[in-house]
Amino acid sequence: MIELEGVPELIDPVMVAAFEGWNDAGDAASTAVAHLDREWKGEVFAALDAEDYYDFQVNRPTVWLDGGVRKVTWPTTRLSVVRIGGDKPRDLVLVRGIEPSMRWRSFCNEILGFAHELGVEMVVVLGALLGDTPHTRPVPVSGVTSDPDLARTMDLEETRYEGPTGIVGILQEACTHAGVPAVSLWAAVPHYVSQPPNPKATLALLNRLEDLIGLRIPLGELAEDARAWQLGVDQLAAEDSEVAEYVQTLEEARDTAELPEASGEAIAREFERYLRRRDPGPLSGPGGHATESGDSSYLRDTSSGRTRPPKPTRPETGPGPVTGSGAGPAPGPAPADGTEGGRESGAGGPQNPPDDKPEDNSGGASQDQDPPEDSPENSSED
């Protein structure tokens, strides 16, 4: 039985989760949840037992000094709560961790136990995959669900994906079987510049999340970081004629694929989203505070400095390696999470992007690999 002492009754709570590893290309998804935690000063109220779910030879603990005293931080998954103020206050339950090494069913059951005790109304899982998408265009974000009613009412894709999956796909299916509405949002990251960070993909996920749950999200310097990232990649791509030509090919394929969508109705829909983000009226006002004390401490990311994007890989050599957020061997050939299927920054070594990413529909370079099991890009993914 999960007992949550010190956590007040929540208001219309939505759970937002992201996991480092196979489903987190460019660290875009985990960085998005970290941004929410940081901007709204989330207060950690629970952490899963690392011994139950992680192989410490794959996800190593870290040692650090606190006033001369050595301490150990174990890889795990933490839950925090934030309350967003405004005319209609609302709570978010943030789940941020690492894809577990074992006991995935128990892991999902434990997450669902917290969701049940907290009265969570919907679970939104964020992910990012590698795709044949140009860095110069808006980041494609696919919203998928296994719930036909939710797909219809929230204008989402009903997943039809079949194949290997990761923890994102498994958690979504566990929610569906438990009767908890669940949505996965997938951002496509250019495979030729897959190393983290990717603030542009993080920004795209947050914008889509904002539309989905109707909350105004303070973006801080994220928009500026995204522009700086794109300018940096532009400069690096311009220094290599082959890469520049490859990017142009992706741009043309993307523009051609999206041309039929450039209808008056589609443009009006995008303009309405733009106005919603600018007008503070309909959405909750910016700001908010953590459920108990707004000044409570929590684990923040220490890597706040901007990094220059790495040099894109040459098109002939295929997609470049994906750098992960940890040491150790690369995960298997495909994720097991019902994700959109792109190989992305995992907990270790290089991986190749799957061939069924959403961007692939644009006619970009194709891969000769089996599509990942649950990529949103696939017409049948989750």
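Structure: above.
Residues numbered from 1 in each chain as written. Predicted model: local features only at pLDDT ≥ 70, side-chain atom pairs only at ≥ 80, totals over all residues. Heavy atoms only, no water.

Regarding the overall build of the protein
Stage number 1. In terms of regular secondary structure, the protein is built from nine helices and 11 strands.
Stage number 2. Relative to its 382 residues, the protein shows a buried fraction of 51%.
Stage number 3. Partitioning the intrachain contacts of the protein with sequence separation of at least 6 by distance along the chain shows that 79% fall at a separation of at least 24.
Stage number 4. Here the protein displays about 17,100 Å² of accessible surface, and carbon together with sulfur accounts for 50% of that area. (Helix = DSSP H or I, 4+ residues; strand = E, 2+ residues; numbered from the N terminus. Buried < 20%, exposed > 50% of the residue type's maximum accessible area, 1.4 Å probe, protein only. Contact = heavy atoms within 4.5 Å. Areas by Shrake-Rupley, 256 points an atom, 1.4 Å probe, with all protein chains shown as cover.)

Topic: helix α5 (residues 167–177)
Stage number 1. Among the residues of α5, I167, V168, G169, L171, Q172, A174 and C175 are the ones counted as buried.
Stage number 2. Tucked into the core, α5 has its buried residues touching β1 (14–20), α3 (104–118), β7 (122–131), β8 (141–145) and β10 (182–190).
Stage number 3. Looking one or two residues past α5, G179 carries a phi angle of roughly 80 degrees, positive in sign.

Regarding the nonpolar core
Stage number 1. Formed by 39 residues in total, the largest nonpolar core has its most connected members in L92, L126 and L185.
Stage number 2. Breaking this core down by element, the ones donating at least two residues are β1, α1 (28–39), β5 (78–84), β6 (90–98), β7, β10, α6 (199–213) and α7 (222–238).
Stage number 3. At eight residues, α6 tops the list of elements feeding residues into this core.
Stage number 4. Non-local contacts of L185, meaning those with residues more than four positions away in its chain, are made with V124, V125, L126, G127, V141, S142, G143, L205, R208, L209 and L212.
Stage number 5. V93, L112, F114 and A188 belong to the second largest nonpolar core, which has 36 residues in total. (Core = buried A, V, L, I, M, F, W, Y, C linked by side-chain atoms within 4.5 Å.)

Some thoughts on the packing of aromatic side chains
Two numbers describe a pair of aromatic rings. These are the distance of the centres and the angle of the planes.
Stage number 1. Scanning the entire structure with this criterion turns up five aromatic pairs.
Stage number 2. Taking 6.2 Å as the distance between ring centres and 70 degrees as the angle between the ring planes, the aromatic pair formed by F45 and F114 counts as edge-to-face. Taken as a pair, F45 in strand β2 (residues 43–47) and F114 in helix α3 lie far apart in primary sequence, 69 residues in all.
Stage number 3. Residue class for F45 comes out partly exposed when judged on its relative accessible area of 21%.
Stage number 4. A ring pair is formed by Y192 and Y246, whose centres lie 6.1 Å apart and whose planes are at 80 degrees; its orientation type is edge-to-face. Of the two residues, Y192 is situated in the loop between β10 and α6 and Y246 in helix α8 (residues 241–258); the sequence distance between them amounts to 54 residues.
Stage number 5. For Y192, a relative accessible area of 2% translates into the label buried.
Stage number 6. Three or more aromatic residues joined by ring pairs form one cluster here, namely F19, Y53 and F107. (Phe/Tyr/Trp six-rings, centres within 6.5 Å; stacked < 30°, edge-to-face > 60°.)

Let's talk about the state of the cysteines
Stage number 1. Taken as a whole and assessed by the stated rule, the structure comprises zero disulfides.
Stage number 2. Between C108, a cysteine without a disulfide, and C175, which holds the nearest cysteine sulfur, the sulfur-to-sulfur distance is 7.6 Å.
Stage number 3. Overall, C175 belongs to the buried group, its relative accessible area being 1%. (Disulfide = S-S within 2.5 Å.)

What about the packing of α3 against α5?
Packed helices, taken two at a time, are described by their axes: the angle between them and the distance between them.
Stage number 1. For the pair α3 and α5, the least separation of the axes is 10 Å and the interaxial angle reads 55 degrees. Viewed along their axes, α3 and α5 adopt a mutual orientation that is oblique. In the crossing of α3 with α5, the sense of the turn from one axis to the other is right-handed. Between α3 and α5, the contacting residues are W104, F107, C108, I111 and L112 on the first element and I167, I170, L171, A174 and C175 on the second.
Stage number 2. Here the residues of the contact of α3 with α5 sort into 10 nonpolar, no polar and no charged. (Axes fitted to C-alpha atoms, helices over the stretch in contact; angles between N-to-C directions. Parallel < 35°, antiparallel > 145°, perpendicular 65-115°, else oblique. Left-handed = near helix turned anticlockwise from the far one by under 90°. Nonpolar A, V, L, I, M, F, W, Y, C, P; charged D, E, K, R; others polar.)

Re the pattern of salt bridges
Stage number 1. Applying the stated criterion to the full structure yields six salt bridges.
Stage number 2. The residue D91 makes a salt bridge to R83 at a minimum N-O spacing of 2.7 Å.
Stage number 3. With relative accessibility at 18%, the residue R83 sits in the buried group. (Salt bridge = Lys/Arg side-chain N within 4 Å of Asp/Glu carboxyl O.)

Remarks on unusual backbone geometry
Stage number 1. Cis geometry is adopted by the peptide bond preceding P197, which originates at P196 and carries an omega value of 0 degrees.
Stage number 2. Considering the arrangement of structural elements, one finds P197 in the loop between β10 and α6.
Stage number 3. Of note in the backbone geometry, D27 takes a positive phi value of approximately 55 degrees without being a glycine.
Stage number 4. Structurally, D27 can be placed in the loop between β1 and α1.
Stage number 5. Note on D27: relative accessible area 17%, which makes it buried.
Stage number 6. Phi at K41 takes a positive value of approximately 50 degrees, unusual for a residue other than glycine.
Stage number 7. Structurally, K41 can be placed in the loop between α1 and β2.
Stage number 8. Owing to a relative accessible area of 37%, K41 belongs among the partly exposed residues under this scheme.

Observations concerning the environment of R38
Stage number 1. Relative to the elements of secondary structure, R38 occurs in helix α1.
Stage number 2. Residue classification places R38 among the partly exposed residues on the basis of a relative accessible area of 30%.
Stage number 3. Distance in space between the C-alpha atoms of R38 and V82 is 10.0 Å, their sequence separation being 44 residues.

Observations concerning the pairing of β1
Stage number 1. Burial within β1 is extensive, with six of its seven residues counted as buried.
Stage number 2. With seven bridges connecting them, β1 and β6 associate as parallel partners. Each bridged residue has a counterpart across the sheet, and for E20 the counterpart in β6 is I98.
Stage number 3. Where β1 and β7 come together, four bridges link them in parallel fashion. Across the sheet, A17 pairs through a bridge with V125, a residue of β7. (Pairing = 2+ DSSP bridges.)

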